[in-house]
Protein chains: 2
Amino acid sequence: MLSKKTKYGIKALTYLAKQEQNTPVSIATISKSENISLKFLESILLTLRKSGLLGSKKGKGGGYYLLKDPKDVKMTTVMRVLEGPIAMVPCVSLNYYEKCDDCPDEAECAVHHLMIQIRDSNLKIYGETSLSDLVN
Amino acid sequence: MLSKKTKYGIKALTYLAKQEQNTPVSIATISKSENISLKFLESILLTLRKSGLLGSKKGKGGGYYLLKDPKDVKMTTVMRVLEGPIAMVPCVSLNYYEKCDDCPDEAECAVHHLMIQIRDSNLKIYGETSLSDLVN
DNA sequence: ATAATACCCTACTAGTTCTATAGGAGTAAA
DNA sequence: TTTACTCCTATAGAACTAGTAGGGTATTAT
């Protein structure tokens with residue numbers, strides 16, 4: 001299941017990607033437009049800023065804005081920041097690898113092989129999709 | 001993330017698929033062989049039986065066995081029984097569709113389109129894989 | 001200056017899901 | 001009748017989810 005955090009985060013990012021100028025948009029504006037709880041969205045945008053995807057401007061007229069061209073923001077990055085590893089099991093994760101407690105031999109594990117296939121196909125989709133693709 | 005329930009369930013199913021004869025295998029035997037908590041595995045095998053994938057024999061010499069040829073057990077079925085819907089959001093689920101609270105228009109939703117792609121590619125992999133593929 | 005606006009940050013909480021565990025009832029074979 | 005199994009319900013701790021609360025800090029308009 002996709003968490004609401006990820007879902008809302010993607011929606012907010014596409015909202016920002018739609019802006020002609022890269023003028024800051026306030027949390028409240030996005031919150032109203034996308035029907036997202038203000039405080040929840042606030043925490044999501046904060047993590048997106050800390051991850052380096054968004055910039056922010058304080059004070060009146062402030063808000064959040066994209067730091068890169070939407071074309072250059074891959075969904076692999078977005079998903080990893082918001083949802084965590086793309087792999088469904090740590091033992092097939094490229095960035096967060098961990099050995100399974102119960103598996104004596106990964107090469108023999110049925111789940112392992114299947115999950116590698118799933119990981120690769122998802123990685124391909126996320127890698128070929130950028131924020132600009134989501135806007136249209 | 002794949003739940004332990006699903007992971008263990010798949011391991012148990014492939015263990016049963018490996019049996020030459022379809023003689024019943026006890027929970028304890030699978031538990032030891034696959035390093036799975038006995039009581040947790042018990043509840044998993046119970047749901048697999050209730051879903052129609054496994055049969056069981058009570059009493060001495062009893063246990064669980066596959067009801068179908070491993071070739072005929074698609075991973076789509078297995079995943080739906082153990083993990084739930086294959087779609088990552090209810091609004092793109094074929095079997096468990098639900099409208100999103102926050103979305104006024106699905107056709108306009110960026111997340112929706114992306115998740116349809118993910119669903120379809122995963123569905124393809126699970127649909128083309130059967131238990132017999134996992135054994136080898 | 002100062003008031004208004006908006007982000008920054010920490011902490012907390014109710015509810016749900018996950019990963020088991022416990023214990024007893026029922027059934028079949030030796 | 002003992003032994004070896006499955007069947008079923010209930011429970012519990014830990015972790016996670018989806019927020020909520022509230023004050024702090026920076027910026028800008030007046």
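No experiment lies behind these values; they were computed from the predicted model shown.

Trainee: Quick question: what am I supposed to make of the overall build of chain A here?
Mentor: Broken down by element type, chain A carries 6 helices and 2 strands. Helices and strands in chain A line up, N terminus first, as α-α-α-β-β-α-α-α. Overall, the C-alpha framework of chain A stretches about 60 × 25 × 25 Å when taken along its three principal axes. Partitioning the contacts of chain A with sequence separation of at least 6, the portion at a separation of at least 24 is 59%.

Trainee: It is not clear to me how the relation of the copies chain A and chain B should be interpreted in this structure. Could you clarify?
Mentor: Between the two copies of the chain lies a relationship made up of a rotation around an axis and a movement along it. Expressed as a screw transformation, the operator carrying chain A onto chain B has a rotation angle of 180° and an axial translation of 0.0 Å, and the superposed copies differ by an RMSD of 0.1 Å. The superposition of one copy onto the other is thereby described by a two-fold rotation axis. It is serine 121 of chain A whose C-alpha, among those of chain A, lies nearest the rotation axis, at 3.4 Å. The residues that chain A uses at the interface reappear at the interface of chain B in 100% of cases, marking a shared surface.

Trainee: Sorry if this is basic, but what is going on with the interface of chain A and chain B here?
Mentor: Size of an interface, as often reported, equals the accessible area lost when the parts are brought together. Contact residues are listed per partner, giving 24 residues for chain A and 24 residues for chain B. Elements represented by at least two residues in the side of chain A that touches chain B include exactly α1 (4-18) and α5 (110-128) of chain A. Within the side of chain A that touches chain B, the residues separate by chemical class into 14 nonpolar, 6 polar and 4 charged.

Trainee: Looking at this structure, I do not really get the protein's contact with DNA strand C. What am I missing?
Mentor: Around DNA strand C sit 23 residues in total, of which Ser26 of chain A together with Ser3, Ser37, Lys39 and Gly59 of chain B are the nearest. Looking at the surface near DNA strand C residue by residue, the classes come out as 4 nonpolar, 10 polar and 9 charged.

Trainee: In this structure, what is going on with the protein's contact with DNA strand D? I would like to understand it.
Mentor: Close to DNA strand D lie 24 residues, the nearest being Ser3, Ser37, Lys39 and Gly59 of chain A together with Ser56 of chain B. Residues of the surface near DNA strand D, tallied by class, amount to 5 nonpolar, 10 polar and 9 charged.

Trainee: Please clarify how the pairing of strand β2 (residues 63-66) of chain B should be interpreted in this entry.
Mentor: The side chains of a regular strand alternate, residue by residue, between the two faces of the sheet. Residue and element names in this part refer to chain B. Two elements, strand β1 (residues 54-57) and β2, share 4 bridges in a ladder whose sense is antiparallel. By the bridge assignment for β2, leucine 54 is matched with leucine 66. Counting the residues between successive antiparallel strands, the hairpin from β1 to β2 contains 5 residues, one of them, glycine 59, with a positive phi of roughly 75°.

Trainee: Honestly, unusual backbone geometry in this entry has me stumped. Any pointers?
Mentor: Excluding glycine, a negative phi dihedral is what most residues carry, and trans is how most peptide bonds are arranged. Positive phi, normally seen in glycine, also occurs at asparagine 35 of chain A, with a value near 55°. In this structure asparagine 35 of chain A comes out as partly exposed when scored by C-beta crowding, with 13 C-beta atoms within 10 Å.

Trainee: Is there a simple way to explain the packing of α1 of chain A against helix α3 (residues 38-50) of chain A in this structure?
Mentor: Relative orientation and spacing of two packed helices are given, respectively, by the angle between their axes and the distance between those axes. Residues and elements named next belong to chain A. In contact at an axis separation of 10 Å, α1 and α3 are set at 75° when each is read in the N-to-C sense. Between α1 and α3, the angle falls in the class roughly perpendicular. Contacts from Lys5, Tyr8, Gly9 and Ala12 in α1 reach Phe40, Leu41, Ile44, Leu45 and Leu48 in α3. In terms of residue class, the contact of α1 with α3 is built from 7 nonpolar, 1 polar and 1 charged.

Here is what the cut-offs are and how they apply
- Residues numbered from 1 in each chain as written.
- Chains lettered and ligands numbered in written order.
- Predicted model: local features only at pLDDT ≥ 70, side-chain atom pairs only at ≥ 80, totals over all residues.
- Helix = DSSP H or I, 4+ residues; strand = E, 2+ residues; numbered from the N terminus.
- Contact = placed C-beta atoms within 7 Å.
- Least-squares fit on C-alpha atoms with pLDDT ≥ 70 in both.
- Nonpolar A, V, L, I, M, F, W, Y, C, P; charged D, E, K, R; others polar.
- Near = placed C-beta within 6 Å.
- Pairing = 2+ DSSP bridges.
- Buried ≥ 20, exposed ≤ 12 C-beta atoms within 10 Å, placed from the backbone.
- Axes fitted to C-alpha atoms, helices over the stretch in contact; angles between N-to-C directions.
- Parallel < 35°, antiparallel > 145°, perpendicular 65-115°, else oblique.

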